[in-house]
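Observations on chain architecture
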Amino acid sequence: MRLVALGLMSGTSLDGVDAALIETDGEEISRRFEGLTLPYAPELRAALRALLERVSMGGGWADDPALEALTLRHVEAVQTLCGRYPELVVDVVGFHGQTLLHAPDRRITVQAGDALLLSRATGLPVVHDFRADDVAAGGQGAPLAPLYHAALLRGHPGPVGVLNLGGVANVTLIGSSGAVHACDTGPGNALLDDWVMRRTGRPYDENGALAAAGIVRDDLVERLLSDPFFALPPPKSLDRLTFARALDAVAGLSAADGAATLAAFTVEAVARTILPERPRCWFVCGGGRRNATLMDGLRARLGVAVEPVEAIGWDGDSLEAECFGFLAVRSLRGLPLSLPGTTGVSSPSTGGRLSCAGPVPPRWMQ
Ligand SMILES: Nc1ncnc2c1ncn2[C@@H]1O[C@H](COP(=O)(O)OP(=O)(O)OP(=O)(O)O)[C@@H](O)[C@H]1O
Ligand SMILES: CC(=O)N[C@H]1[C@@H]2OC[C@@H](O2)[C@@H](O)[C@@H]1O[C@H](C)C(=O)O
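Residues numbered from 1 in each chain as written. Chains lettered and ligands numbered in written order. Predicted model: local features only at pLDDT ≥ 70, side-chain atom pairs only at ≥ 80, totals over all residues.

Looking at an unreviewed UniProt entry, one finds the chain named Anhydro-N-acetylmuramic acid kinase, with Acidomonas methanolica NBRC 104435 as its source organism. For the record of the chain, the UniProt heading Sequence similarities (unreviewed entry) holds the text "Belongs to the anhydro-N-acetylmuramic acid kinase family." Regarding the chain, the UniProt comment filed under Catalytic activity (unreviewed entry) reads as follows: "1,6-anhydro-N-acetyl-beta-muramate + ATP + H2O = N-acetyl-D-muramate 6-phosphate + ADP + H(+)". (UniProt positions renumbered as here; feature names shortened; annotations may be inferred.)

**Side note on the overall build of the chain**
Counting secondary structure elements, the chain contains 13 helices and 13 strands. Computed over its C-alpha atoms, the radius of gyration of the chain comes to 19 Å, within 12% of the 21 Å expected for a compact globule of 366 residues. Reported as C-alpha extents along the three principal axes, the dimensions of the chain are approximately 60 × 50 × 40 Å. The buried share of the chain, reckoned over its 366 residues, is 52%. Counting only contacts in the chain whose residues sit at least 6 apart along the sequence, the fraction spanning at least 24 positions is 71%. (Helix = DSSP H or I, 4+ residues; strand = E, 2+ residues; numbered from the N terminus. Rg over C-alpha atoms; globule rule 2.2 N^0.38 Å. Buried ≥ 20, exposed ≤ 12 C-beta atoms within 10 Å, placed from the backbone. Contact = placed C-beta atoms within 7 Å.)

**Observations regarding the site of ligand 1**
Not every one of the 22 residues close to ligand 1 is listed here, only the nearest: G11, S13, G166, N189 and G287. Among the residues making up the shell around ligand 1, the classes are represented as two nonpolar, 14 polar and six charged. (Near = placed C-beta within 6 Å. Nonpolar A, V, L, I, M, F, W, Y, C, P; charged D, E, K, R; others polar.)

**A look at the domain arrangement of the chain**
Here the chain is described as being made up of domain 1 (3–137 + 351–365) and domain 2 (146–312). Just the C-alpha atoms count here: the centres of domain 1 and domain 2 sit 25 Å apart. Contacts between the two partners involve 13 residues from domain 1, matched on the other side by 13 residues from domain 2. Where the side of domain 1 that touches domain 2 is concerned, the elements lending two or more residues are α1 (42–56) and β5 (98–103). (Domains from an automatic or database assignment.)

**A few points about the site of ligand 2**
Lining the immediate surroundings of ligand 2 are 18 residues, of which T99, A142, P143, A145 and V168 lie closest. Secondary structure elements with two or more residues in the shell around ligand 2: β5 and β9 (168–174). Each residue belonging to the shell around ligand 2 can be placed in one class, and the counts come to six nonpolar, 10 polar and two charged. No fewer than three residues from each of domain 1 (3–137 + 351–365) and domain 2 (146–312) sit in the shell around ligand 2.

**Remarks on the sheet that holds β9**
An order of β10-β9-β8-β11-β12 is seen for the five strands of this open sheet, with the pairing classed as mixed. Bordering the open sheet on either side are β10 (180–187) and β12 (305–308), each of which pairs with just one other strand. Averaged over all adjacent pairs, the angle separating strand axes in this sheet is 20°, with direction ignored. One ladder, built from five bridges, connects strand β8 (residues 160–165) with strand β11 (residues 281–285); its direction is parallel. By the bridge assignment for β11, V160 is matched with C281. Helix α10 (residues 255–271) contacts β8, β9 and β10 of the sheet and is inclined by roughly 155° relative to β10. (Pairing = 2+ DSSP bridges. Axes fitted to C-alpha atoms, helices over the stretch in contact; angles between N-to-C directions.)

**Examining the packing of helix α6 (residues 190–200) against α10**
At a minimum axis separation of 10 Å, α6 and α10 run at an interaxial angle of 175°. The pairing of α6 with α10 is recorded here as roughly antiparallel in orientation. Facing L191, L192, W195, V196, R199 and T200 of α6, the residues of α10 in contact are A255, G258, A259, L262 and A263. Its residues assigned to classes, the contact of α6 with α10 shows eight nonpolar, two polar and one charged. (Parallel < 35°, antiparallel > 145°, perpendicular 65-115°, else oblique.)

**Concerning the UniProt feature "binding site: ATP" (unreviewed entry) in the chain**
UniProt annotation of "binding site: ATP" (unreviewed entry) refers to G11, T12, S13, L14, D15, G16, V17 and D18 when read in the numbering used here. Among the residues examined, S13 registers 21 C-beta atoms within 10 Å and is labelled buried. Relative to the elements of secondary structure, L14 occurs in the loop between β1 (3–9) and β2 (16–24). Residue contacts for L14: discarding those within four places in its chain leaves Y40, R45, L48 and R49.

**Comments concerning the pairing of strand β6 (residues 108–112)**
Note that β5 and β6 share five bridges and pair antiparallel. From the neighbouring strand, A103 faces β6, where its bridge partner is I108.

**Remarks on the nonpolar core**
By size, the foremost hydrophobic cluster in this structure holds 87 residues, and its most contacted members are L8 and V93. Both domains that meet at this core, namely domain 1 (3–137 + 351–365) and domain 2 (146–312), each give it at least three residues. Setting aside residues up to four positions removed in sequence, L8 forms contacts with V17, A19, H74, A77, V93, G94, F95, H96, A321 and F324. Within the second largest apolar cluster, 10 residues are counted, among which are Y40, A66, L67 and A112. (Core = buried A, V, L, I, M, F, W, Y, C linked by C-beta atoms within 7 Å.)

**Section: the packing of helix α2 (residues 65–84) against helix α3 (residues 115–122)**
Across the interface, α2 lies against α3 with an axial gap of 9 Å and an inter-helix angle of 35°. For the pair α2 and α3, the sense of crossing is right-handed. For the pair α2 and α3, the contacting residues are T71, H74, V75, V78 and Q79 in the first and L117, L118, A121 and T122 in the second. Looking at the contact of α2 with α3 residue by residue, the class counts come to five nonpolar, four polar and no charged. (Left-handed = near helix turned anticlockwise from the far one by under 90°.)

Okay, structure coming up:
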């Protein structure tokens with residue numbers, strides 16, 4: 001049974017919510033529609049950032065007013081996107097929620113947001129809490145996009161790499177046998193964003209221009225890469241704040257040299273990721289594909305074709321949101337969301353919870 005699923009992703013960059021619509025049976029993707037991004041207002045971004053830091057220091061989050069504002073922005077995203085496709089009947093929403101904390105070694109992962117409020121306000125069933133079961137079963141709980149990448153790449157000869165340059169960076173390798181391997185690689189844009197905000201007041205390094213004007217401090221890159229995380233083989237995953245201290249390492253540098261050094265850190269972390277096969281090409285999604293310094297650095301370092309995912313007809317801004325629509329349908333069907341090769345879970349793990357404020361759509365019953 002094919003369902004129309006609306007996926008929502010608010011990533012670690014804290015820049016806004018991406019929404020996308022796909023039609024899928026949870027295995028094949030029959031249609032994809034143009035998605036949208038609703039940026040967070042600066043106050044919401046700041047409130048979420050403060051909350052994230054409080055939670056990382058052991059604070060609670062349940063009653064924080066930022067979470068209602070976050071959910072209401074997701075409601076707006078659903079309503080705006082549905083308004084663009086009045087002919088579509090949406091069967092289910094896949095709501096990732098805002099990751100506030102990710103510590104799989106302590107069996108904790110927190111994706112915050114009020115799924116019942118979202119369901120009530122939109123009149124749609126909502127699948128959420130995608131990572132918890134994997135983490136409870138001993139997996140990393142991330143990345144979850146690999147099964148979506150694999151579904152999109154079915155029939156495409158491997159080995160192929162998909163790299164997401166979001167706040168944190170993660171890779172999917174589809175091997176020559178079709179086996180799927182994945183992990184977070186290190187920072188994506190989050191450190192660079194924080195640095196650029198601190199030193200220039202701008203939210204990110206537009207097209208990587210600031211980094212391009214700087215000189216990389218290789219000694220600092222090596223020091224940053226000496227963190228034991230980088231010597232670990234996959235699967236492995238990260239919290240947005242895992243490498244926040246890297247900002248102290250570059251604190252004495254000019255704005256441009258700091259940006260160049262942090263960009264090189266992102267690139268080198270990808271290049272040193274231990275994968276069972278070397279991809280013959282890479283497709284890049286996430287906002288970092290618009291950063292020419294990162295893309296040129298990856299091309300130079302990986303030595304094979306590195307293209308934005310648009311080269312194969314995907315939408316690099318909507319891919320993760322599409323993924324959570326896909327996973328919502330897989331969750332309804334009881335199909336796995338993760339595999340030993342993607343999160344390290346001991347056997348394929350199902351996941352996701354359903355919040356439904358109204359009647360179950362009749363199409364689910366067919
Ligand atoms: N034109 C641009 N030039 C350079 N960088 C850009 C540009 N546009 C977006 N970015 C970067 O992309 C980031 C947003 O990326 P994206 O939306 O993929 O992140 P996310 O979904 O929050 O992350 P994650 O995948 O970690 O959950 C911005 O914070 C910025 O650093
Ligand atoms: C815990 C969490 O939210 N992780 C995110 C984050 O953002 C990028 C990277 O770290 C990835 O592991 C994951 O998101 C994508 C969508 C994933 O699960 O594939």
